[in-house]
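Below are the chains, spelled out letter by letter.
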Amino acid sequence: MALLEIRNLHARVGGNEILRGVDLTVDAGEVHAIMGPNGSGKSTLAHVLAGRPGYEVTDGQVLFRGQDLLAMTPEMRAREGVFLAFQYPVEIPGVSNVYFLKNALNAVRKHRGLPELDAFDFLSLVKERAKLVEIDEELVKRPVNEGFSGGEKKRNEIFQMAILDPTLAILDETDSGLDIDALRIVASGVNSLRTPERAMIVVTHYQRLLNYIVPDFLHVLVEGRIVREGGKELALELEEKGYAWLEKEPPAKAGAAALTAG
Amino acid sequence: MEAVAEDTGLERTIAAEYREQRADREPGWVGRIRRTGMERFREAGFPTVREEAWKYTNVAPFVKIPYQAAPRERETFARSPLPLPAGAGAQIVVVNGRYAPELSSVGLLTGGLEVASLADAIATRPDVIEARLATIARDGNAFADLNSAFLEDGVFVRIPASTVVAEPIHMVFLSEPVFGPTVSHPRNLVIAEAGSQAAIVETFLGTAGEPYFTNAVTEIVLEDGAILDFSKLEREGDAAFHVATTAVSVGRNANFTSHSISLGGALARNDLNVRLDAEGADCTLNGLFLGNGRQLLDNHTLIDHARPHGTSRELYKGILDGKSRGIFHGKIIVRPDAQKTDAMQTNKNLLLSREALVNSEPALEIFADDVKCRHGSTIGQLDAAAMFYLRSRGIGEDEARNLLVYAFASDVASRIRVAPLRELVERQLGLRLPGGGA
């Protein structure tokens, strides 16, 4: 059984149909990159998988470890092992990162039948994982994302991922707005979290990130459909030619079917 | 057809009880305060929604109720548990408007600190009381006048000059109606003498489900260089009608901080009037009101910058759920003489239900030209993006909501310096909300 199976997914946001039949299968341990021009539906796909209210699925199916992911609340998806690293992490003044993460982790652990961590064990986990993603421990004690720089916010997302230990991590434009040093740190954090059990979907507009997080598969999303699929070399082609040449492409799957029929 | 309202139920009992007051035992100057209060009350009557300061707060349904003064004789124990641990400091308890010595611990106070019943203080310390009483709350509303008309007992606190009182002083006002709706008019006087420092917590509470009326006036004087941290916890019963005026005069380089926490009552109206009476006077007014059900919580504050170099900081936050209504009216006056005034006022409100309502009205009257005055006000709902962010990390919907509400109020709560009060408010923030566990 695949870890994640997306079949013919259609979704609307604010009355506009954004996803128009996405098919994607992700197995444990794989890293999939999704690229595409602005407005192609990349971020929508990421948010639909995480269960953002207001994102309406009109057709299709998503199975996560064989279960109907779309029937789950956002918190249930997280507890089951889905993690979304936000493109725009939200600032929550008045709630410390540590308090927030301890509550989140214990909700996840409880769901998985694990004992809750006490303050001591949690703080040693924080120390260890903070080192892994090179995030300043002081940052971890501050209110969630408040006053963080763009790079700090993205690093905090990866730090949260390191703490919550998801089975499927979706990184939504984690590279956007990062300078090359910040990008390197974030990417090395992500790479250190690659395991044979954990799959990742890396959503990005630019090929640059994929120099650091090398995907096993790459999918190109245009106008709500995957129009091209390949390995990491496809990224270089996109870098060279841009997206325009793909915009008239038929969907990848339909194209394959047409080829077979021909 | 509706009859034309003549005397309200309360006006009838007021007239009768005012006549019955035993004036023979009181000094002449107290009699004068009471008579002036009654005259002014009779002239003005209860405010109606036609008056600007009461346009959102209709007291008519409450003043129909014939509240009566509680009998002087009562059971010797209070049925309501006191909300805060007394701690090592002085605690003075007033039940139904009268000092309850058996519940108070004011016996062994050090450093000349005085905490006493106002009735006793009028009898034993008339020199100190006469010079101050009714001079600070001098132009209050009709309810404050009514309080003066029934001036009899309450709390007197004097913090001697250059004394630092380490433990917070607790003033507790308990209403326990015995035979039907009860009214009390506690009157309090706090004198923080020059260079003194203290913290006071004033708590109002009473029997749940019973209609009663608390009509309190607290007058506070900060002499030069005094520092006072004054908290008011309004936690009346759910059927209570609470009206209170806190009038403060802040002296030269003195520093007044208030924390006004409104949680209870069917209708609670808090008037906080602070006059920065001398150069370099400083005040910080923090407020938090948490409404639920059909509660109406009304906060009127007035900061009167009368002299130069005064600083005021004000932050009030409202959280309204159910069909509750909140009102914040914040007036700042900067008198012609009050150059170099620095005033900042912020009111933020969070509506948790579609039927909750809040009115936020800043009012600045500036008559000096070299001043810095800023104000801001917001009304909003819970941030959907933040909700999703928390839930996407595995935190359940109710808990996410509680976290955000807590976060919204946390800056006001965290400023409360009296730890047990701060903890109570923090607990309350979690408890009051749907799904909030203990």
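See the structure printed just above.
Below you will find a few notes about this structure.

Rules behind the numbers
Residues numbered from 1 in each chain as written. Chains lettered and ligands numbered in written order. Predicted model: local features only at pLDDT ≥ 70, side-chain atom pairs only at ≥ 80, totals over all residues. Helix = DSSP H or I, 4+ residues; strand = E, 2+ residues; numbered from the N terminus. Rg over C-alpha atoms; globule rule 2.2 N^0.38 Å. Buried ≥ 20, exposed ≤ 12 C-beta atoms within 10 Å, placed from the backbone. Contact = placed C-beta atoms within 7 Å. Nonpolar A, V, L, I, M, F, W, Y, C, P; charged D, E, K, R; others polar. Pairing = 2+ DSSP bridges. Axes fitted to C-alpha atoms, helices over the stretch in contact; angles between N-to-C directions. Core = buried A, V, L, I, M, F, W, Y, C linked by C-beta atoms within 7 Å.

**Thoughts on the overall build of chain B**
Step number 1: A tally of helices and strands in chain B yields 9 helices and 21 strands.
Step number 2: At 21 Å, chain B has a C-alpha radius of gyration in line with the 22 Å of a compact globule built from 438 residues.
Step number 3: Along the first, second and third principal axes, the C-alpha atoms of chain B reach 70 × 55 × 45 Å.
Step number 4: Looking at the 438 residues of chain B, the share that counts as buried comes to 52%.
Step number 5: For chain B, restricting intrachain contacts to residue pairs at least 6 apart in sequence, the fraction spanning at least 24 positions comes to 83%.

**Overview of the interface of chain B and chain A**
Step number 1: Across the contact, 19 residues belong to chain B and 20 residues belong to chain A.
Step number 2: For the side of chain B that touches chain A, the secondary structure elements donating two or more residues are helix 7 (384–391) and helix 8 (397–414) of chain B.
Step number 3: It is helix 8 of chain B that provides the largest number of residues to the side of chain B that touches chain A, a total of 8 residues.
Step number 4: Taken together, the residues of the side of chain B that touches chain A sort by class into 10 nonpolar, 4 polar and 5 charged.

**A closer look at the sheet that holds strand 6 (residues 169–175) of chain B**
Picture the strands of a sheet paired through backbone hydrogen bonds; they go either parallel or antiparallel.
All names here are of chain B.
Step number 1: An order of 3-2-6-9-11-13-15-17-19-21 is seen for the 10 strands of this open sheet, with the pairing classed as mixed. With partners counted over all chains shown, the strands left at the sheet margins are strand 3 (98–99) and strand 21 (372–380), one partner each.
Step number 2: Packed on one face of the sheet, helix 8 meets strand 15 (282–291), strand 17 (311–320) and strand 19 (342–351) and runs near 155° to strand 17.

**Details of the nonpolar core**
Step number 1: Residues A:Phe83, A:Ile170 and B:Ile200 are the most contacted members of the largest nonpolar core, which totals 198 residues.
Step number 2: Sort the elements by how many residues they give to this core and helix 8 of chain B lands first, with 9 residues.
Step number 3: Excluding its chain neighbours within four sequence positions, the residues that come into contact with A:Ile170 are A:Ala46, A:Leu49, A:Ala50, A:Phe83, A:Leu84, A:Ala85, A:Ile201 and A:Val203.

**Side note on helix 1 (residues 42–50) of chain A**
Residue and element names in this part refer to chain A.
Step number 1: Burial runs high along helix 1: 9 of the 9 residues are buried.
Step number 2: Lys-42, Ser-43, Thr-44, Leu-45, Ala-46, His-47, Val-48, Leu-49 and Ala-50 are the residues of helix 1 that are buried.
Step number 3: With its phi angle positive at about 90°, Gly-51 sits one or two positions after the end of helix 1.

**Some words on the environment of B:Ala247**
Step number 1: Relative to the helices and strands, B:Ala247 is located in strand 12 (residues 241–250).
Step number 2: Ignoring anything within four residues of it in the chain, the contact list for B:Ala247 reads B:Ile136, B:Ala137, B:Gly140, B:Glu219 and B:Asn273.

Limitation: the analysis is restricted to geometry and does not speak to function.
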